[in-house]
Amino acid sequence: MLAAGAGTLAAGFLPWDSFRELAGRTVPVLAFVLAMTVVTELVDDAGLFRVVTDRIAALGRGSVFLLWLLVLALSAVATAFLSLDTTAVLVTPVVVLLAVHARIPPLPFALSTVWLANTASLLLPVSNLTNLLAQGRLSLTPLRFAGLMWAPWLVGVLVPAALLWLAFRKDLRGRYGPQPAHWVRDRSLLKAAGGTLLVLLPALVSGVPVAIPAMAAAAFLLAVFLWRRPSALRWSMVPWRPLMLTAGLFMVVEALHSHGLTQALAPAAGSGETFPELLRLAALGAGSANIANNLPAYLALEPVAGSPVRLAALLIGVNLGPLVSPWASLATLLWHERLQTLNLRVRWGGFALAGLVVVLLALPLAVLALWLGNGMP
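Residues numbered from 1 in each chain as written. Predicted model: local features only at pLDDT ≥ 70, side-chain atom pairs only at ≥ 80, totals over all residues. Heavy atoms only, no water.

**Q** Which residues make up the nonpolar core, and what are the values?
**A** Judged by nonpolar contacts, the single largest core of 137 residues is most densely connected at Phe32, Tyr298 and Trp335. Tallying contributions element by element places helix H8 (residues 142–168) first for this core, with 13 residues. Excluding anything up to four places from it in sequence, Trp335 contacts Ala88, Thr92, Ala110, Leu111, Thr113, Val114, Val346 and Phe351. (Core = buried A, V, L, I, M, F, W, Y, C linked by side-chain atoms within 4.5 Å. Buried < 20%, exposed > 50% of the residue type's maximum accessible area, 1.4 Å probe, protein only. Helix = DSSP H or I, 4+ residues; strand = E, 2+ residues; numbered from the N terminus. Contact = heavy atoms within 4.5 Å.)

In structure tokens form, the structure reads like this:
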């Protein structure tokens, strides 16, 4: 995809002026993605996520239902503050293994992480790459962004949780025994990782450009690991493929906008801020995400969103909607890779049908929550 993007630039399909404007907007976003990927990988290597799940197992007090609620809370918080990919890649394995070791059916725990990785990614700019792009377009502080999105986010957490309980209520009853704690290899690294997150999370919502604290945290943890455990540092921590894919998508979609994509999509997207118009835009975003992927869907439709409320409706569509096709969200593909390494099989047909039910119920309710919270024009 990066080659395709470079080809549009070399062939003149993407004008240089448009490319320079695009680069000024997206390079900080890509720098943030790079830095946060390194941070979360190192935090995981230090053992912090395993320690957190140990604590969750203890707080569950032997109740499967309470343990599941705590996993939902962990997934929602990790998604909101550390991004959906963190939940899909790092939270999924530890909670699935926790369920397996506790002799609980792991499927409801696995679905909890992947559904909330997507549907709980509406709250903060750092929750999803689409949010970061929208924040840059709107020039909103993280707190103002959360003020716009909190009600749809709440729907995105509660509706999937309710449907999971209805579907798996028999599996979520009963008791589990005490779980052994994970061995901490290096407590100094664990403390450094925990302290870094304690400083980083409020910095990400402080209004400072998020790439700055993320890069500072990455540099600090790299220095600590270079001192304590240099063997843990590897080039595979750098998300080369997602970064190249994302950069290429930015360039290709921008080139298409330069040649009439916005005008072509405007009639389908509508223009108003009534509930039906907002739902129309969100549904278009959700459908486009499941046909292609949520990032190109957002990039293609962003220019026709027009206002903060319409842009929020688009985010509902492209963040909450990608639960049907496996390629609709990169987080879903990463989640599936992790499940394969754990020998947990998921049938895509059943996944798509269940995801469609979630989208059909949650999408209109989330848009309604947005509309009610913003003046009901």
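Back to the text.
**Q** Any details on the packing of aromatic side chains? Residues and values, ideally.
**A** Taken as a whole, this structure holds five aromatic pairs when the rule is applied. Taking 5.9 Å as the distance between ring centres and 40° as the angle between the ring planes, the aromatic pair formed by Phe65 and Trp68 counts as tilted. Of the two residues, Phe65 and Trp68 are both situated in helix H4 (residues 64–82); the distance of three residues between them amounts to about one turn of the helix. Owing to a relative accessible area of 35%, Phe65 belongs among the partly exposed residues under this scheme. Overall, the relative accessible area of 2% leaves Trp68 in the buried class. In this structure an aromatic cluster arises from ring pairing among Trp335, Trp348 and Phe351. Here Arg228 stacks its cationic end above the ring of Trp227, 5.2 Å away from the centre of that ring. (Phe/Tyr/Trp six-rings, centres within 6.5 Å; stacked < 30°, edge-to-face > 60°. Lys NZ or Arg CZ within 6 Å of the ring centre and 35° of its normal.)

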